[in-house]
Amino acid sequence: MYKRQDVYVLCSDGLNGMVGDDRILDIVHNAGSDVETAAKSLVAQANQNGGEDNTTVVVVRINE
């Protein structure tokens, strides 16, 4: 069951292969409620770390 303010990150292996779980959590946390910034920042971090594969990211925050 989901709760208000839960955040879900759906991604391809282009992200989780290039960015560690702790760093993903930091980026999402630092973006606050701005899920678009979180997603763009995650893709940018994957590319900065070498971007060896296509990277797809969807970030969803439950507001209700």
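Note that this is a predicted model, so its numbers are computed, not measured.

Considering the overall build of the protein
Then comes step 1: Along the protein, the regular secondary structure elements total 3 helices and 2 strands.
Then comes step 2: When the helices and strands of the protein are listed from N to C terminus, the series reads β-α-α-α-β.
Then comes step 3: On the principal axes, the C-alpha backbone points of the protein span a range of 35 × 20 × 20 Å.
Then comes step 4: Relative to its 64 residues, the protein shows a buried fraction of 30%.
Then comes step 5: Long-range pairs, those at least 24 residues apart, make up 68% of the contacts in the protein with a sequence separation of at least 6.
Then comes step 6: Entry remark: accessible area of the protein is about 4500 Å², with carbon and sulfur atoms responsible for 46%.
Then comes step 7: Computed over 5 positive and 10 negative side-chain charges, the inter-centroid distance for the protein is 10 Å.

Examining the environment of D6
Then comes step 1: Note that D6 resides in the segment before strand 1 (7–11).
Then comes step 2: Leave out the neighbours within four places in its chain, and D6 touches M1, V60, R61 and I62.

Things to note about the pattern of salt bridges
Then comes step 1: A complete count under the given rule lists 1 salt bridge for this structure.
Then comes step 2: The partner of K40 in a salt bridge is E36, with the nearest N and O atoms 3.0 Å apart. With K40 and E36 both in helix 3 (residues 35–48), this residue pair falls 4 residues apart, about one helical turn.

Description of the environment of V58
Then comes step 1: Following the sequence through the fold, V58 ends up in strand 2 (residues 57–61).
Then comes step 2: Residue classification places V58 among the partly exposed residues on the basis of a relative accessible area of 39%.
Then comes step 3: Taking the C-alpha atoms as reference points, V58 and C11, 47 residues apart in sequence, are found 6.3 Å from one another.
Then comes step 4: Those residues in contact with V58 that lie beyond four places of it in its chain are Y8, V9 and L10.

About the criteria used
- Residues numbered from 1 in each chain as written.
- Predicted model: local features only at pLDDT ≥ 70, side-chain atom pairs only at ≥ 80, totals over all residues.
- Heavy atoms only, no water.
- Helix = DSSP H or I, 4+ residues; strand = E, 2+ residues; numbered from the N terminus.
- Buried < 20%, exposed > 50% of the residue type's maximum accessible area, 1.4 Å probe, protein only.
- Contact = heavy atoms within 4.5 Å.
- Areas by Shrake-Rupley, 256 points an atom, 1.4 Å probe, with all protein chains shown as cover.
- Lys, Arg positive; Asp, Glu negative; His and termini not counted.
- Charge placed at Lys NZ, Arg CZ, Asp CG, Glu CD.
- Salt bridge = Lys/Arg side-chain N within 4 Å of Asp/Glu carboxyl O.

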